Amino acid sequence: MKKITIYSILAAVLFLTACDIDRLPYGSMPDESIKKDPGASLNTLLTGTYSQLKGWSDVMHRCGEYAGDNIMIRGTSTDAFYEFISYSRTPNNYRLQTLWDNSYKVIAQSSNIIKMIEEGKSSDIDSQIGEAYFLRGMMYYYLVRAYGRPYAQNPDQNLGVPIVNGTPDNVFGEMPDRSTVKETYEQAIADLVKAADLLTVNKGSVYASEMAAKALLSRIYLYMSGTYNNPNTQFAELAEKYADEVIASGEYDLLPREEFMRYPSFTPENNAETIFAIKRVASEFSGYDHYYGVGGMYANIGGMGWGEMYASAEYIALLDETGRNDWANNKIVDARAAFIEPQYTDDGTEVFRFIKDVYNAGGTQTSFGYVQAPIQVVDGKLVCKEGEVTFDMTPVDENQGIYSIKYSDGKTYTGVIDKLMRLNRAFPMFYITKCSREGEESHLHSPVISRLAEIYLNKAEAAAKQGDYATALVALNTIRERSLPGEGYTVLNAGNASELIDKERRIELAFQAERSYDVFRNGESLTREYPGPHNAMEEVEATDYRVVYYIPQDAINAYRGTGSTLTQNPTSN
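Remember, predicted model here, so these are calculated numbers, not experimental data. Throughout, a residue's number is its position along its own chain's written sequence, starting from 1. Residue-level local features of this predicted model are given only where pLDDT is at least 70; pairs of side-chain atoms are given and counted only at 80 or more, and the full residue set underlies all totals for whole chains, interfaces and linings. Only hydrogens and water are removed before side-chain values are computed, so all heavy atoms of the structure are retained for them.

Novice: How should I be thinking about the side chain of Glu454 in this particular structure?
Specialist: For helices the rule is a DSSP run of H or I covering at least 4 residues; for strands it is a run of E covering at least 2, with both sets numbered from the N terminus onward. Within the element layout of this structure, Glu454 appears in helix α12 (residues 452-465). Under the scheme applied here, a residue whose accessible area is under 20% of the maximum for its type counts as buried, over 50% as exposed, and between as partly exposed, the area being computed with a 1.4 Å probe on protein chains only. Since its relative accessible area comes to 2%, Glu454 is described here as buried. Glu454 has contacts with Arg219, Ile449, Arg505 and Leu509, leaving out every residue within four places of it along the chain. Throughout, a contact is declared for two residues whenever any of their heavy atoms are within 4.5 Å.

Here's what the structure looks like:
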């Protein structure tokens, strides 16, 4: 009996089996079965393809989020993901290999589905074929944003990734080198447009749908829309067009403020705002496996998780910009602060917490450090004490518990009165729970690929890049005022659009693997001037060679075995 077997682009055979989307995938199917019942066969093959996304999404998240400025880690790590944080790029990174391999497995299996099943047999089968197009287009997009330079930087010259749509006739023969960034984006767009056309059946937010395809098209065209200083208005118009179609579909709703503050606890099928998410279930996590999910690095919940990576001081400051979030007293100003959970000690000690500059022996600033100085009342005045040194506290906003002191280095620092927080090494533990507690299951989390809030932000940025600031302001405030009622911006113009839109995008989409890419695609530099083991004084420019990841060395070595060439990314500026 002839058997059609699914291969990855690197000629790796998938020996995986399954029975539904919550388990491992089928990697092969007899062609007689496909011909006899294409609908059932498609279900089985698609299940296998969706299942590949589970391991893929873990590394996808770490690549996008750890390289940004929303998080800090308690110290250096020997784990391969620390390269994402430290910008010490190497081609021998097993996590990047996983991202590459799983992406191309999805591409190969999707492509073979498209080749094996003929369109036009029924609308249901066509819709299933549309799912395959969606998954393939999504993979090309995520690959090119990780391994290819931002679109604003010579997309017709810079390299994207190899385009191989289906199992090659000779899996051990020559393979194509990388296509350009422009060509890779065009492939992703073509697949997603085709998907949107074929997808007439909406099976819910853990499956591909017409609007899920259009949501990704909105983001892809936004990535192609240039920078605020040099926008591509044609692509910005298309980004807005697809955003409008998703919004106008009426298939999704922004959660009200109180429900939004519990966003992570909802399963994607029961969340009106989620457009597409990668389904995870509790049975996939047994015992201490919760440690190794994305949320396990961000918090320890119910005794599960490493809890070694926290919200950055810079991100906390943005949440406090409109008014201080006083977690100790359950006063949440910005709804998005509900996804942060400071870990307090049990003794109720009050301290003045601030961030100071840190210098080396030569007097050069090298970093930043947290200080938690116990508070006392001396002669009717509020003071704080660090060691044997006492500092007078001057009110900045007494109602919010914000004060300043003149510190021993001669500088004036502003901070807050708060309860004493637990430390991991030298850092207060600001747990992040946006990637945990789905169904209240510790660190269970179905990674969100797209949700309606992002679509409004896409619309805001796209409209601003076309000079339509009135439309941009309405879209932007739709998201801002959900979290900060009555605090919408009053003016948006060429002078402040990039700052305000990028700020809201950063706060809203934090811990969804978007931040680092958003910075660089708009031609901005990334700085992380806050406490942590990273190089806090470094500026990573959008043109830096480390903005993109190296092609995994094993992938390059596999190409060498075929007599083909897979070009590596540059190793310096």
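There is more to say, and it comes next.
Novice: Where do I start with the pairing of strand β7 (residues 350-359) in this structure?
Specialist: Each regular strand displays side chains that alternate between the two surfaces of the sheet. Where β7 and strand β13 (residues 412-419) come together, 4 bridges link them in antiparallel fashion. Following the sheet pairing, Glu350 is matched in β13 by Lys419. The pairing of β7 with strand β8 (residues 365-378) spans 9 bridges and is antiparallel. Bridged to Tyr359 within β8 is Gln365. Taken together, β7 and the strand that follows it, β8, pair antiparallel across an intervening segment of 5 residues, in which Gly363 is found at a positive phi of about 90°. For two strands to pair, DSSP has to find at least two bridges joining them.

Novice: Is there a simple way to explain empty space enclosed by the protein in this structure?
Specialist: Here the idea is plain: a probe the size of a water molecule rolls over the atoms and shows the empty space left. With a 1 Å grid laid over protein atoms only, a set of points is called a cavity when a 1.4 Å probe fits there but cannot get out and a pocket when it is open yet has protein on both sides within 12 Å along at least five of seven lines; lining residues have an atom within 4 Å of a point. Grid points are joined across faces, edges and corners, and a volume is the space filled by probe spheres set on the points. In this structure the tally under the stated criterion is 8 cavities of 30 Å³ or more. Taken as a whole, the largest cavity spans an internal volume of roughly 160 Å³. Lining the largest cavity we find 16 residues, and of these Tyr263, Pro264, His445, Ser446 and Val448 sit closest to its centre. Among the elements of the structure, β4 (274-277) and β17 (448-451) are those that each provide at least two residues to the lining of the largest cavity. Note on residue classes: Ala, Val, Leu, Ile, Met, Phe, Trp, Tyr, Cys and Pro are nonpolar, Asp, Glu, Lys and Arg are charged, and everything else, Gly too, is polar. In terms of residue class, the lining of the largest cavity is made up of 7 nonpolar, 6 polar and 3 charged.

Novice: How do you make sense of the layout of surface pockets when you look at a structure like this?
Specialist: Approximately 610 Å³ is the volume found for the largest pocket. If you trace the largest pocket, you find 26 residues lining it, with Ala313, Ile316, Ala317, Asp320 and Ile355 closest to the centre. When residues of the lining of the largest pocket are traced back to their parent elements, those giving at least two are α11 (313-319), β7, β8 and β13. Split into classes, the residues belonging to the lining of the largest pocket amount to 14 nonpolar, 5 polar and 7 charged. The volume enclosed by the second largest pocket comes to roughly 370 Å³. Looking at the second largest pocket, it is lined by 18 residues, and the ones nearest its centre are Glu499, Asp502, Lys503, Arg506 and Arg515. Looking at the lining of the second largest pocket, the elements that each hand over two or more residues are α11, α14 (497-508), α15 (515-521) and β18 (526-527). The biggest single contributor to the lining of the second largest pocket is α14, with 5 residues. Split into classes, the residues belonging to the lining of the second largest pocket amount to 3 nonpolar, 4 polar and 11 charged.

Novice: Help me out: how do you make sense of the side chain of Ser446 in this one?
Specialist: Along the chain, Ser446 falls in the loop between β16 (430-432) and β17. Sequence-distant contacts of Ser446, defined by excluding residues within four places in its chain, comprise Pro268, Ala277, Ile278, Lys279, Arg280 and Glu438.

Novice: Sorry, what's going on with the pattern of salt bridges here?
Specialist: A side chain with one charge may pair with a side chain of the opposite charge, provided their charged atoms come close. In what follows, salt bridge is the name for a side-chain nitrogen of Lys or Arg lying within 4 Å of a carboxyl oxygen of Asp or Glu. Here the structure, examined in full by the defined rule, presents 42 salt bridges. A salt bridge links Lys194 to Glu119; the shortest N-O distance between them is 3.3 Å. Here Glu119 lies in the loop between α4 (94-116) and α5 (123-147) and Lys194 lies in helix α6 (residues 181-198), a separation of 75 residues in the sequence. Among the ionic pairs, Lys411 bridges to Asp357, the shortest N-O distance being 2.5 Å. With Lys411 in the loop between β12 (402-406) and β13 and Asp357 in strand β7, the pair connects residues that are 54 residues apart, well separated along the chain. Taking the relative accessible area as the measure of exposure, Lys411 reaches 31% and is therefore partly exposed.

Novice: I keep staring at the nonpolar core and nothing clicks. Help me out?
Specialist: In a soluble, globular protein the nonpolar side chains are often hidden away together inside. Membership of the largest hydrophobic core comes to 145 residues, with the highest contact counts inside it found for Leu53, Phe134, Met138, Tyr147 and Ile340. With 15 residues, the top contributor of residues to this core is α5. Once residues within four sequence positions are removed from consideration, Met138 is found in contact with Leu53, Leu192, Leu216, Phe276 and Ile449. Residues belong to one nonpolar core when they are buried, are Ala, Val, Leu, Ile, Met, Phe, Trp, Tyr or Cys, and are joined through side-chain atoms within 4.5 Å. Phe354, Cys384, Phe391 and Tyr403 belong to the second largest nonpolar core, which has 13 residues in total.

Novice: Sorry if this is basic, but what is going on with the packing of α12 against α14 here?
Specialist: Helix-helix packing: each pair is described by the crossing angle between the helix axes and the interaxial distance. As a packed pair, α12 and α14 sit with axes 10 Å apart at the nearest point and diverge in direction by 165°. One element, α12, and the other, α14, form an angle in the roughly antiparallel class. The hand of the α12/α14 crossing is left-handed. Contacts between α12 and α14 pair Ala453, Glu454, Leu457, Asn458, Ala460, Glu461 and Ala464 from the former with Ala497, Ile501, Asp502, Glu504, Arg505 and Glu508 from the latter. Class assignment of the residues belonging to the contact of α12 with α14 gives a composition of 6 nonpolar, 1 polar and 6 charged. Axis definition: a line fit to C-alpha positions, over the contact stretch in the case of helices; interaxial angles, taken between N-to-C directions, run 0 to 180 degrees. Our angle categories are set so that under 35 degrees counts as roughly parallel, over 145 as roughly antiparallel, 65 to 115 as roughly perpendicular, and the remainder as oblique. In this scheme the crossing of two helices becomes right-handed for a clockwise turn of the near helix relative to the far one and left-handed for an anticlockwise turn of less than a right angle.

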